[in-house]
Amino acid sequence: MERKRVLVTGGAGFLGSHLCDRLIKEGYHVMAMDNLITGNLENIEHLFKLEQFEFYHHDVSKFVHVPGKLDYILHFASPASPIDYLKIPIQTLKVGSLGTHNLLGLAMAKGARMLIASTSEVYGDPLVHPQTEDYWGNVNPVGPRGCYDEAKRFQEAMTMAYHMHHGLETRIVRIFNTYGPRMRLDDGRVLPAFLSQALRGEPLSIFGDGSQTRSFCYVDDLVEGIYRLLLSDYHLPVNIGNPSEITIKEFAEEICKLTGVELNIEYQPLPTDDPQKRQPDISLAREVLGWEPQVDRAEGLRRTLEYFKEKVQVPAEKANA
Ligand SMILES: NC(=O)c1ccc[n+]([C@@H]2O[C@H](COP(=O)([O-])OP(=O)(O)OC[C@H]3O[C@@H](n4cnc5c(N)ncnc54)[C@H](O)[C@@H]3O)[C@@H](O)[C@H]2O)c1
């Protein structure tokens, strides 16, 4: 039987590369497209030898074309961590707006179903807790995070317009903080920062007093949720994340316990518009996808630590201590 063909934008990134792995495993022909602005070919180099895998080095904010038939598009290209999108705010706005528009056009031309990677950031600093999909959010459009949050909100609106106006098959996943192997050590997010600092024997940086909460979803759980959504017949946004909530201070303690180092914290000022609380309500995902996370934080962190141990450079005096 002929393989179904899928285009994954942002395929050399953290989540995109895990999606490529899963789709290859499910028997798809996978085309990864990436301009490598924050991604890394190392994440997908094991796939290059497969004939059912192709890579296109391309910026999706420019016109996008791929040869042959196409069944699905998963649009994951976008800088994703604050440190990245603060450095490249215009590219971030462009990939969420122009990039999404280009890919919706491609989906129309090929008769493909399109799934977009949205984010919990569409809820901004939420006034509703936990966040349900029908909450409209509390976003500051002109603050430093506005370039990302508003690009994603525009992306959702554009995708819904194509669905309603052109009848295009679309899916929208609102992703909450996800972690796992292939995260960039220096992407500025709390989990890689804490793990790298603990492994290097440095103090853990906490922004603010550490009472703000986050919830972390292991990457395999996220990929399972996205795959189910892709194949479902549900076109409205669905939260995918792990509702298990923890304060940043407690999380620092967990990381120190896991890595066997003494708790040593350096407090720094809270960045502007940093959300105080983040926790997905996943009732909808349970109902329409029969999905919920399977990997608890202890297990997910153990698996992630293995990856970080290979990547983090430990200063010689600490390694020999
Ligand atoms: N990781 C998370 O916790 C999380 C949470 C919410 C949403 N998301 C969304 O998931 C997607 C992937 O995030 P990630 O964590 O894997 O980030 P990432 O930075 O690891 O991956 C993004 C990839 O997109 C590529 N890219 C960026 N702009 C591009 C462009 N114009 N053309 C082609 N490629 C481009 C980058 O080079 C990179 O490989 C993003 O859309 C992000 O907004 C991620």
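As shown above, the structure is provided for reference.
In this text, all values refer to a predicted model and were calculated from it rather than measured experimentally. (Residues numbered from 1 in each chain as written. Predicted model: local features only at pLDDT ≥ 70, side-chain atom pairs only at ≥ 80, totals over all residues. Heavy atoms only, no water.)

Student: Tell me about the pattern of salt bridges, and name the residues and values.
Tutor: Applying the stated criterion across every chain, the model contains 22 salt bridges. A salt bridge links R153 to E150; the shortest N-O distance between them is 3.7 Å. Taken together, the positions of R153 and E150, both in helix α4 (residues 146-166) and three residues apart, correspond to about one turn of that helix. A relative accessible area of 30% means that R153 is categorised as partly exposed. Taking the shortest distance from any N to any O, the salt bridge between R171 and E169 comes out at 3.0 Å. Salt bridges sharing partners connect three or more residues here, namely R22, E26, E224 and R228. (Salt bridge = Lys/Arg side-chain N within 4 Å of Asp/Glu carboxyl O. Helix = DSSP H or I, 4+ residues; strand = E, 2+ residues; numbered from the N terminus. Buried < 20%, exposed > 50% of the residue type's maximum accessible area, 1.4 Å probe, protein only.)

Student: Tell me what's going on with the environment of I265, and back it up with residues and numbers.
Tutor: As for its position among the elements, I265 is in strand β13 (residues 265-268). Along the chain, I265 and Q212 lie 53 residues apart, while their C-alpha atoms are 15 Å from each other. Not counting chain neighbours up to four residues away, the residues in contact with I265 comprise P203, L204, I206, K249 and A252. (Contact = heavy atoms within 4.5 Å.)

Student: So what about the packing of aromatic side chains? Which residues, and what values?
Tutor: Scanning the entire structure with this criterion turns up 12 aromatic pairs. Between Y179 and Y218, the ring centres sit 5.5 Å apart and the planes meet at 70°, which makes this aromatic pair edge-to-face. Of this pair, Y179 sits in strand β7 (residues 178-179) while Y218 sits in strand β10 (residues 217-218); the two residues are 39 residues apart in sequence, bridging distant segments of the chain. No difference in accessibility class separates Y179 from Y218, as the two residues are buried. Measuring from ring centre to ring centre gives 4.5 Å for F216 and F251, while their planes differ by 25°; the resulting arrangement is stacked. Note that F216 is positioned in the loop between β9 (213-215) and β10 and F251 in helix α7 (residues 248-259), a separation of 35 residues in sequence. With a relative accessible area of 6%, F216 lands in the buried category. On the basis of relative accessibility, which here comes to 0%, the residue F251 falls in the buried class. By way of ring pairs, the aromatic residues Y179, F194, F216, Y218 and F251 are connected into one cluster. (Phe/Tyr/Trp six-rings, centres within 6.5 Å; stacked < 30°, edge-to-face > 60°.)

Student: Which residues make up the environment of T38, and what are the values?
Tutor: Mapped onto the secondary structure, T38 falls in the loop between β2 (29-34) and β3 (53-57). Residue T38 is classed as partly exposed on the basis of its relative accessible area of 23%. Counting along the chain gives 129 residues from T38 to G167, while the straight-line C-alpha distance between them is 33 Å.

Student: Account for the nonpolar core, naming residues and giving values.
Tutor: Judged by nonpolar contacts, the single largest core of 60 residues is most densely connected at V30, L74, F76 and I226. When residues in this core are grouped by element, the largest group, seven residues, is from helix α6 (residues 219-231). Residue-level mapping places this core at the junction of two domains, with at least three residues from each of domain 1 (5-179 + 217-240) and domain 2 (190-213 + 244-278 + 296-314). If near-sequence neighbours (up to four positions away) are discounted, L74 is found in contact with V6, L7, V8, T9, L19, L23, L115, I226 and L230. Core analysis: the second largest hydrophobic core is formed by 22 residues, I73, V95, M158 and I172 among them. (Core = buried A, V, L, I, M, F, W, Y, C linked by side-chain atoms within 4.5 Å. Domains from an automatic or database assignment.)

Student: Got a sec to walk through α4? Specific residues and values, please.
Tutor: For α4, built from 21 residues, the straight-helix expectation of 30 Å at 1.5 Å per residue is met to within 8% by its first-to-last C-alpha distance of 29 Å. Looking at α4, one finds that the buried residues are G146, C147, Y148, D149, A151, K152, Q155, E156, M158, T159, M160 and Y162. Turning to α4, the residues buried within the fold contact β4 (72-75), α2 (82-87), α3 (89-110), β5 (113-119) and β6 (170-175). Positive phi shows up at G167, right after α4, with a value of about 70°. (Expected span 1.5 Å × (residues − 1).)

Student: Describe unusual backbone geometry, and please don't skip the residues or the numbers.
Tutor: Here the amide bond leading from H129 into P130 is cis, since omega sits at -10°, within 30 degrees of zero. Relative to the helices and strands, P130 is located in the loop between β5 and α4. One non-glycine residue, L36, lies in positive phi territory at about 65°. One non-glycine residue, R182, lies in the positive phi region at around 85°. Relative to the assigned elements, R182 resides in the loop between β7 and α5 (190-200).

Student: Can you explain the packing of α3 against α4? Please cite residues and give values.
Tutor: Helix-helix packing is characterised by the crossing angle of the two axes and by the distance between the axes. With their axes 8 Å apart at the nearest point, α3 and α4 run at an angle of 15° to one another. Judged on the interaxial angle alone, α4 and α3 are roughly parallel. Considering how the two elements wind past one another, α3 and α4 form a crossing that is right-handed. Residues P89, T92, L93, G96, S97, T100, H101, L104, G105 and M108 of α3 lie in contact with α4, whose contacting residues are C147, Y148, A151, F154, Q155, M158, T159, Y162 and H166. When the residues that make up the contact of α3 with α4 are grouped by side-chain class, the tally is 10 nonpolar, nine polar and no charged. (Axes fitted to C-alpha atoms, helices over the stretch in contact; angles between N-to-C directions. Parallel < 35°, antiparallel > 145°, perpendicular 65-115°, else oblique. Left-handed = near helix turned anticlockwise from the far one by under 90°. Nonpolar A, V, L, I, M, F, W, Y, C, P; charged D, E, K, R; others polar.)

Everything listed here is a matter of coordinates, which is why it stays silent on function.
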